Amino acid sequence: MKITQINIKDYNQFQNLTLDLTYPKGHEKEDQALEKICFIGQSGTGKTSLLNVLRAMLTTPFLQTALSEKYQNSNMNHIVITSYFKEVKSVTEIREGKISFRDLKTDVNPTKFMEDFYLGKNILICFPAEIINNINQILAEKSPHPSSILKTVTEMKQQKRAKPRSVFDFETDNVLEIWNEILQDINAYKIEELKYSQQITKALGINAQNADRAFENYKRWKQKNPNPIEQLAQQLNPILNKFSLAVKTSFDFESIEDLKFIQIQSKGGTEIPYSGWSTGTKQVILTMTPLFKLNTDESIILVDEPERSLYPDIQTEIINNYKSAAPRAQFFFATHSPIIASAFEPWEIVELKFNDQGTVYQEKYYKGERHVDNYFIDPRYLRWDVILMRVFDLGIEGNEKFRNRALTKAARLETVLSKLRAENKMDTEEAQKIWADYLKLATKLAWRLDGYEED
Amino acid sequence: MGMRKIDKTQILATEYQLWIKQLKGQTHPKYSSSHKYYKDVLISLLYCQQGLCAYTEILIAEEERYRPENFDKKGRYIDKGKPESSFSAQLDHFNSHLKEKYGWGWNNFFAISDKINIEKGTQTVDDILKPDSPEYDPHKLLGYNEKRHIFHVHPDIEDESLQIRIENMILVLGLNQGTIKDNRRAYLEPKKKSLALGKEIEPVYQFFTAFEMIEEKL
């Protein structure tokens with residue numbers, strides 16, 4: 001499913017907001033749903049609210065039913081989301097707290113249609129901005145390491161779900177249960193490997209021949225069954241390497257805890273316990289792993305503040321990393337980062353602004369017809385500081401209290417120097433002093449002195 | 001000052017003018033942007049300032065908004081709603097310390113860009129760059145670095161205490177504020193290049209002082 005339009009009436013700060021989420025005319029994907037969308041705007045304009053609207057729509061069963069309990073008091077009176085299921089168009093609507101399908105151009109019953117469409121797939125994967133805090137809080141309340149509360153496959157079998165999960169919402173309080181499901185195959189593999197290891201140990205106690213046989217069995221099993229953690233390592237390591245880290249692929253079996261969560265190690269091979277992971281490391285592992293492990297075909301993926309805890313160099317790549325981890329999903333991001341924004345085509349950015357009445361509208365980046373040629377802003381072409389000023393509407397260039405005084409002084413010195421030059425007085429003591437002062441200030445301001453004009 | 005000297009003698013808001021005259025010597029009623037004379041004063045100022053921010057000279061109102069015909073016979077502004085604009089006009093008390101007791105004094109009012117108003121806040125001012133003061137002459141107090149589009153203290157002013165007074169006011173009034181400077185550069189740079197090549201240019205409608213200073217150097 002891909003969402004092509006959102007229409008919200010009288011919900012929180014949205015009085016009447018319509019978002020067209022298709023590629024504009026003249027684009028090679030004209031009229032198709034945007035593959036990734038980035039909400040930007042002042043705090044309070046409703047970026048996270050929009051993500052929550054989508055969550056409410058997608059976590060509620062799709063039939064004539066009341067909104068799930070969590071959203072019942074959220075005043076969602078009239079929200080319409082238009083979406084496409086491959087070639088089938090449908091309109092999902094929330095009216096008076098009830099969610100319903102209409103215009104679904106198929107004879108099949110909507111619930112049945114959704115079940116069939118999402119068979120083996122996942123509807124929603126949702127990462128809140130506080131993904132790390134959420135997990136940390138649970139850990140603080142229960143234990144210092146996720147492993148001690150995550151379950152092994154055997155433990156999990158006792159609690160098998162009636163229906164496979166198709167919504168992975170990391171904002172819910174059963175987040176550790178979600179992790180159990182995501183890491184299920186890795187856990188199963190570790191347990192199987194532990195069995196072989198025990199067999200070898202046992203056989204060694206009998207004689208060398210038995211031990212050889214047990215070892216051969218283990219090797220055969222290994223050949224037939226690729227280690228899922230190695231595959232995950234291949235996917236995660238290019239990003240983790242930037243933190244000088246890597247996924248640990250070998251198991252020590254020192255404790256049952258080793259069986260449960262992902263382990264990471266330094267470049268030198270030293271294991272880093274979860275409590276020693278940086279927040280950036282956690283952010284990357286906790287959001288990228290589900291995308292690598294889950295089927296993301298036709299999924300809607302919500303990521304609030306993808307820049308959280310990430311150093312700028314990682315931010316420059318993270319959107320592409322997400323996109324390549326889930327190439328057939330539709331992403332919705334909300335960000336405050338100009339670096340994140342620069343990863344988007346201009347029509348993929350939804351900038352929300354307040355008007356004088358305090359209601360929210362979408363700032364347009366094009367004039368006239370919505371055609372690629374009529375867009376006058378493209379964040380992919382701009383420097384970060386220009387994105388901050390032109391796209392994020394930051395009115396200042398830096399720490400103006402200090403920068404502006406320095407600029408004003410340096411600009412005057414420059415004018416005085418050009419005057420002295422015109423009067424052929426550059427050799428005077430006064431001119432030399434001004435030149436020295438100017439050089440110091442201009443260097444601190446990072447002014448180029450070679451006549452080159454920055455563009 | 002980014003602005004030529006402003007002549008504030010013609011007040012379109014005559015009802016306000018009468019009201020303020022009657023208050024002479026008394027403490028003024030509380031100033032508020034929802035007061036009935038707020039727009040009357042604002043539009044009257046925009047008329048005197050030709051739709052430009054009093055300090056930065058960026059365009060903050062189109063002519064149709066401040067035409068004398070927009071005032072009725074009693075001298076009240078006929079409100080037709082405000083068009084959306086990226087630089088909206090706000091009333092500023094030049095000396096914010098007068099706001100509490102004499103918040104409606106005409107002499108202390110200027111119409112300025114909202115971008116400047118926020119940052120100017122309650123900073124202490126010096127009348128040396130007050131745009132309507134009789135002694136004010138931007139060409140004697142200010143210089144303009146046309147390469148970087150930055151206003152600075154006039155290069156010939158050598159008195160350091162005077163330099164500091166002017167420099168402080170350049171900062172207080174936001175003459176080199178980020179967005180303003182960015183817009184001024186975008187507006188004046190093509191004109192500067194055209195002039196240097198001896199080409200005809202369209203008449204300027206904002207940033208007059210900066211433009212005049214560029215012209216002087218060419």
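Residues numbered from 1 in each chain as written. Chains lettered and ligands numbered in written order. Predicted model: local features only at pLDDT ≥ 70, side-chain atom pairs only at ≥ 80, totals over all residues. Heavy atoms only, no water.

Taken as a whole and judged by the stated rule, the model has 42 salt bridges over all chains. A:Lys248 is the partner of A:Glu271 in a salt bridge, and the nearest nitrogen-oxygen pair spans 2.9 Å. Of the two residues, A:Glu271 is situated in strand S12 (residues 271-272) and A:Lys248 in the loop between strand S10 (245-247) and strand S11 (264-266); the sequence distance between them amounts to 23 residues. Its relative accessible area of 33% is what places A:Glu271 among the partly exposed residues. With a shortest N-O distance of 3.2 Å, B:Glu189 and B:Lys192 are connected by a salt bridge. Placement of both B:Glu189 and B:Lys192 in helix H7 (residues 178-196) is noted, with a separation of three residues, approximately one turn of the helix. (Salt bridge = Lys/Arg side-chain N within 4 Å of Asp/Glu carboxyl O. Helix = DSSP H or I, 4+ residues; strand = E, 2+ residues; numbered from the N terminus. Buried < 20%, exposed > 50% of the residue type's maximum accessible area, 1.4 Å probe, protein only.)

Remember that side chains alternate between the two faces of the sheet whenever the strand is regular. All names here are of chain A. Of all five residues that make up strand S14 (residues 330-334), five are buried, and the element is covered over most of its length. Burial of S14 is two-sided: the residues Gln330, Phe332 and Ala334 facing one way and the residues Phe331 and Phe333 facing the other way are all buried. Across four bridges, the pairing between strand S3 (residues 36-41) and S14 is parallel. Residue Phe39 lies in a different strand from S14, and its bridge partner there is Ala334. Two elements, strand S13 (residues 300-304) and S14, share five bridges in a ladder whose sense is parallel. The residue bridging Ile300 from the neighbouring strand is Gln330, located in S14. The parallel pair S13 and S14 is bridged by helix H11 (residues 312-325), and the resulting crossover is right-handed. (Pairing = 2+ DSSP bridges. Right-handed = clockwise from strand over helix to strand, strands pointing away.)

In total, this model carries 35 aromatic pairs over all chains according to the counting rule given. Considering the side-chain rings of A:Phe333 and A:Phe344, the 5.7 Å spacing of their centres and the 70° angle between planes classify their relative orientation as edge-to-face. Of the two residues, A:Phe333 is situated in strand S14 and A:Phe344 in the loop between helix H12 (338-341) and strand S15 (349-354); the sequence distance between them amounts to 11 residues. On the basis of relative accessible area, A:Phe344 is assigned to the buried category, the value being 0%. Both rings, one in B:Tyr16 and one in B:Tyr37, keep their centres 6.1 Å apart while their planes meet at 65°; by these two values the pair is edge-to-face. In this pair, B:Tyr16 is assigned in helix H1 (residues 14-22) and B:Tyr37 in the loop between H1 and helix H2 (38-48), connecting sequence segments 21 residues apart. One aromatic cluster in this structure is built from B:Tyr16, B:Trp19, B:Tyr31, B:Tyr37, B:Tyr38, B:Trp104, B:Trp106 and B:Phe109. The ring of A:Phe117 has A:Lys121 sitting right over it, with the charged end atom 4.8 Å from the ring centre. Here the guanidinium or amino end of A:Lys367 rests over the ring plane of A:Phe376, the centre of that ring lying 5.4 Å away. (Phe/Tyr/Trp six-rings, centres within 6.5 Å; stacked < 30°, edge-to-face > 60°. Lys NZ or Arg CZ within 6 Å of the ring centre and 35° of its normal.)

This next bit is on the nonpolar core. Core analysis: the biggest nonpolar cluster contains 107 residues, and A:Phe170 and A:Phe332 have the highest contact counts within it. Counting the residues that make up this core, at least three belong to each of domain 1 (2-121 + 298-391) and domain 2 (142-279) of chain A. With near-sequence residues (within four places) excluded, A:Phe332 lies in contact with A:Ile3, A:Leu21, A:Ile37, A:Phe39, A:Leu51, A:Leu54, A:Ile300, A:Ile301, A:Leu302 and A:Val303. Listed in part, the 63 residues of the second largest apolar core include B:Leu91, B:Phe94, B:Leu141 and B:Ile170. (Core = buried A, V, L, I, M, F, W, Y, C linked by side-chain atoms within 4.5 Å. Domains from an automatic or database assignment. Contact = heavy atoms within 4.5 Å.)

Right, let's get into the packing of helix H14 (residues 400-422) of chain A against helix H15 (residues 429-444) of chain A. All names here are of chain A. It is the contact of H14 with H15, at a shortest axis distance of 10 Å, that shows an interaxial angle of 145°. The hand of the H14/H15 crossing is left-handed. Side by side, H14 and H15 meet where Ala406, Lys409, Ala410, Leu413, Glu414, Val416, Leu417 and Leu420 of the first sit next to Glu430, Ala431, Ile434, Trp435, Asp437, Tyr438 and Leu441 of the second. (Axes fitted to C-alpha atoms, helices over the stretch in contact; angles between N-to-C directions. Left-handed = near helix turned anticlockwise from the far one by under 90°.)

Residues and elements named next belong to chain A. Strand order in the open sheet formed by three strands is S10-S11-S12, with antiparallel pairing between adjacent strands. At either margin of the open sheet sits one strand with a lone partner, and together these are S10 and S12. By the bridge criterion, three bridges tie S10 to S11 in an arrangement that is antiparallel. If you follow Val247 over to S11, its bridge partner there is Ile264.

Attention shifts here to helix H13 (residues 384-391) of chain A. Since one α-helical turn is 3.6 residues long, residues separated by three or four positions face the same way. Among all positions in H13(A), only A:Ile387, A:Met389 and A:Val391 are buried. Looking at the packing, one finds that the buried side of H13(A) touches S3, H12 and S15 of chain A together with H7 of chain B. Just beyond H13(A), the residue with positive phi is A:Asp393, at close to 55°.

What follows covers helix H2 (residues 110-117) of chain A. Within H2(A), burial applies to A:Phe113, A:Met114 and A:Phe117. In an axial view of H2(A), the angular spread of the buried residues amounts to 95°, which keeps them on one side of the axis. (Arc of directions from axis to C-beta.)

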